[in-house]
Amino acid sequence: MNGEFEILNEFVENIKLDIQDKENQMDKRLLTIQDISCVGQCSLTVALPIISACGIEAGILPGALLSNHTAPGFSGWTFRDLTEEMPSILERWKKEHVDFDAFYTGYVTEPQIPYILEIMKETSRPGALRIVDPAMADNGKLYPGFKDDFPSKMAELCKNADYILPNLTEAALLLGKEYVASGYTKDYIIQLSKELHALGAKNVILTGVSFEAGKLGVSVYNGSDIDFYFTERLNVAMHGTGDVYSSAFAGALLRGKTALQAAKIAADFTVESIKQTIPDKDHWYGVKFEKALPELIKALEA
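Not measured: the values here are computed from a predicted model.

Conventions and cut-offs
What you see as residue numbers is a count from 1 along each chain, following the sequence as written. A pLDDT threshold of at least 70 governs which residues receive local features in this predicted model, and a stricter bar of 80 or more applies before side-chain atom pairs are shown or counted, although totals over entire chains, interfaces and linings include all residues. The side-chain numbers reported here are obtained from all heavy atoms of the structure, hydrogens and water having been left aside. Working definition: helices are DSSP H or I runs of at least four residues, strands are E runs of at least two. Numbering for both runs from the N terminus. It only takes one pair of heavy atoms within 4.5 Å for two residues to be counted as in contact. Type-normalised accessible area, obtained with a 1.4 Å probe on protein chains alone, sets the label of each residue: buried when under 20%, exposed when over 50%, and partly exposed for intermediate values. Taken from the helix axis, the directions to the C-beta atoms give the arc we talk about. As used in this record, nonpolar core signifies buried Ala, Val, Leu, Ile, Met, Phe, Trp, Tyr and Cys residues forming a set joined through side-chain atoms within 4.5 Å. By convention in this document, the label disulfide applies to cysteine sulfur atom pairs within 2.5 Å. A pairing counts as a salt bridge when a side-chain nitrogen of Lys or Arg comes within 4 Å of a carboxyl oxygen of Asp or Glu.

Caption draft 1: Examining the side chain of N203 more closely. Structurally, N203 can be placed in strand β9 (residues 203–209). In this structure N203 touches D162, Y163, I164, Y221 and N222, once residues within four positions along its chain are discounted.

And the structure:
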């Protein structure tokens, strides 16, 4: 009799393992929420192809529609705010039983944040991840159009995130600190990470970290330990690299990589995207990330 029970138990355990394997192999679905600039290689026109190349189904929720991005180089742009569409889209998704394994937010505006939090709450699959790129500032300044109190609103979105990916300007603004451009120490980065974690984010990935000339990288803090990864610093400034990085990070994370592995993959991919762009002096509005996608796919399969 004991032998029969052992065979039965083994059979049940095998079924459980088979079910778990199938669950692990199920395709992941991510929703990315940010604006869509029709030309300019940023925001959704970057996120959708990169996440798709990672083998992750990407749903989109555009917060605004622009003819092109707003960085210097274009003389102007068209703009249509899509905030008011968000509640009706959510209601439709609820009726269709649409849900997601992860959410990745980029450039969003203050009125959209309550809607985004509601969408995350109502359409989450069990264990769904929240990845927030608080895209609002760079080089010590808020982007045009954001009021001085916007960082406190963005902090609400970061509060319950599993991963936040601020640059050093955004980190300082989220904490109400003075921006430090250079000359900071490792202890400064650790302290920033701890304070950002105290806002409620589970993992803090700081971008644009540098302790020595010729090196640029990221720090990855999980609430107890911090790791660093550095690549070569390329002496060029190009639009959309933050979106490229965050999209690759989100895609790698959904592929099962650890936060540190995803941070490394995203950093290397961003550098390669810049390198692919440098020879073309007329390509000033973004990076040729498309030409670097084969390297991203190889890194994900390693």
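Caption draft 2: Geometry of helix α10 (residues 293–301). Within α10, burial applies to L293, L296 and L300. Projection of α10 onto a plane perpendicular to its axis shows the buried side chains occupying an angular sector of 55 degrees, all on one side. Along α10, the residues that are exposed and aim more than 90 degrees away from the buried face are K298 and E301. At its buried positions, α10 is contacted by α2 (43–53), α8 (241–254) and α9 (259–277).

Caption draft 3: Representation of the nonpolar core. Membership of the largest hydrophobic core comes to 40 residues, with the highest contact counts inside it found for I50, I131, Y245, F249, F269 and L296. Elements represented by at least two residues in this core include exactly α2, β4 (100–105), β10 (215–221), α8, α9 and α10. Contact partners of L296, with chain neighbours within four places excluded, come to I50, C54, A248, I265 and F269. Judged by nonpolar contacts, the second largest core, of 38 residues, contains M86, F103, M120 and C158.

Caption draft 4: Highlighting the state of the cysteines. Per the stated rule, a full pass over the model turns up zero disulfides. Unpaired in this structure, C42 has its nearest cysteine sulfur neighbour in C38, at a distance of 10 Å. Overall, C42 belongs to the buried group, its relative accessible area being 10%.

Caption draft 5: Focus on the pattern of salt bridges. A complete count under the given rule lists 13 salt bridges for this structure. Measuring nitrogen to oxygen at the nearest pair gives 2.9 Å for the salt bridge that ties K288 to D280. Residue classification places K288 among the buried positions, given a relative accessible area of 16%. The closest approach of N and O atoms between K298 and E295, which form a salt bridge, is 3.8 Å. Taken together, the positions of K298 and E295, both in helix α10 and three residues apart, correspond to about one turn of that helix. Each of R29, E57, D99, D101 and R125 takes part in one network of salt bridges that share partners.

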